[in-house]
Amino acid sequence: MSEQSCTHISAVATIKRPQRHECDECVKIGGEWVHLRTCQECGGTHCCDNSPNRHATRHAQQSGHPVIASAEPGERWLFCYPDNAFAKY
Ligand SMILES: [Zn+2]
Ligand SMILES: [Zn+2]
Ligand SMILES: [Zn+2]
């Protein structure tokens, strides 16, 4: 776990929190999720890599949106996909 943050994480001025506590994509397909992550570029909320559909990672790959935040209550961290960088806030 690194305390160094990348330029993508540094560029996040206000942390986006989930609007609804559900995965936007799983809702459409009737999927299930384990944990939720919120995209800091578009505010979309998607499921984590422990979930069967891994929508957060898929969203980052398809959209190029680099940074997610945990959408779980009590978790305060950001992750950048291209830099594999993790930061608490
Ligand atoms: Zn980055
Ligand atoms: Zn999902
Ligand atoms: Zn996004």
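Residues numbered from 1 in each chain as written. Chains lettered and ligands numbered in written order. Predicted model: local features only at pLDDT ≥ 70, side-chain atom pairs only at ≥ 80, totals over all residues. Heavy atoms only, no water.

Participant: Explanation requested: the nonpolar core in the structure shown.
Facilitator: Across soluble globular proteins, nonpolar side chains have a tendency to be buried as a group. One finds Cys6, Ile9, Val12, Val67, Ala69, Leu78, Cys80, Ala85 and Ala87 forming the largest nonpolar core, which totals nine residues. Within the residue set of this core, elements represented by two or more residues are strand S3 (67-70), strand S4 (77-80) and strand S5 (85-88). (Core = buried A, V, L, I, M, F, W, Y, C linked by side-chain atoms within 4.5 Å. Buried < 20%, exposed > 50% of the residue type's maximum accessible area, 1.4 Å probe, protein only. Helix = DSSP H or I, 4+ residues; strand = E, 2+ residues; numbered from the N terminus.)

Participant: Is there a simple way to think about the coordination of the zinc ion (ligand 2) in this case?
Facilitator: Note on the zinc ion (ligand 2): its protein donors are Cys23 (SG), Cys26 (SG), Cys47 (SG) and His55 (ND1). The metal-donor distances range over 2.0 to 2.3 Å. Angles of 106 to 117° at the metal separate the four donor atoms of the zinc ion (ligand 2), which places the site in the tetrahedral class. We note that the donor set of the zinc ion (ligand 2) lies within a single chain, spaced as C-x2-C-x20-C-x7-H. Taken together, the positions of Cys26 in helix H2 (residues 24-29) and Cys47 in strand S2 (residues 45-47) put the pair 21 residues apart, joining distant regions of the chain. Cys47 matches Cys26 in its accessibility class, with the two residues each being buried. (Donors = N, O, S within 2.8 Å, 3.2 Å for Na, K, Ca; no water. Tetrahedral: all angles 85-135°; square planar, octahedral: opposite > 155°, others 65-115°.)

Participant: Before we go on, may I ask you to explain the coordination of the zinc ion (ligand 3) in this structure?
Facilitator: Ideal coordination angles are 109.5 degrees for a metal with four donors arranged tetrahedrally and 90 or 180 degrees for a metal with six donors arranged octahedrally. Around the zinc ion (ligand 3), the donor atoms from the protein are Cys39 (SG), Cys42 (SG), His59 (NE2) and His65 (ND1), and they sit 2.0 to 2.3 Å away. Of note is the zinc ion (ligand 3), whose four donor atoms meet at the metal with angles of 103 to 117° in an arrangement that counts as tetrahedral. Under the relative-accessibility criterion, His59 is labelled buried at 17%.

Participant: Just checking my understanding: could you explain the side chain of Ser51 for this structure?
Facilitator: Inspection of the secondary structure puts Ser51 in the loop between S2 and helix H3 (55-63). Here the side chain of Ser51 touches Val34 through a polar contact of 2.8 Å, landing on its backbone nitrogen. If we skip the residues at most four places from it in the chain, Ser51 touches Glu32, Trp33, Val34 and His35. (Polar contact = N/O pair within 3.5 Å; in protein donor to acceptor, adjacent residues only side chain to side chain. Contact = heavy atoms within 4.5 Å.)

Worth remembering: the numbers are spatial, not functional.
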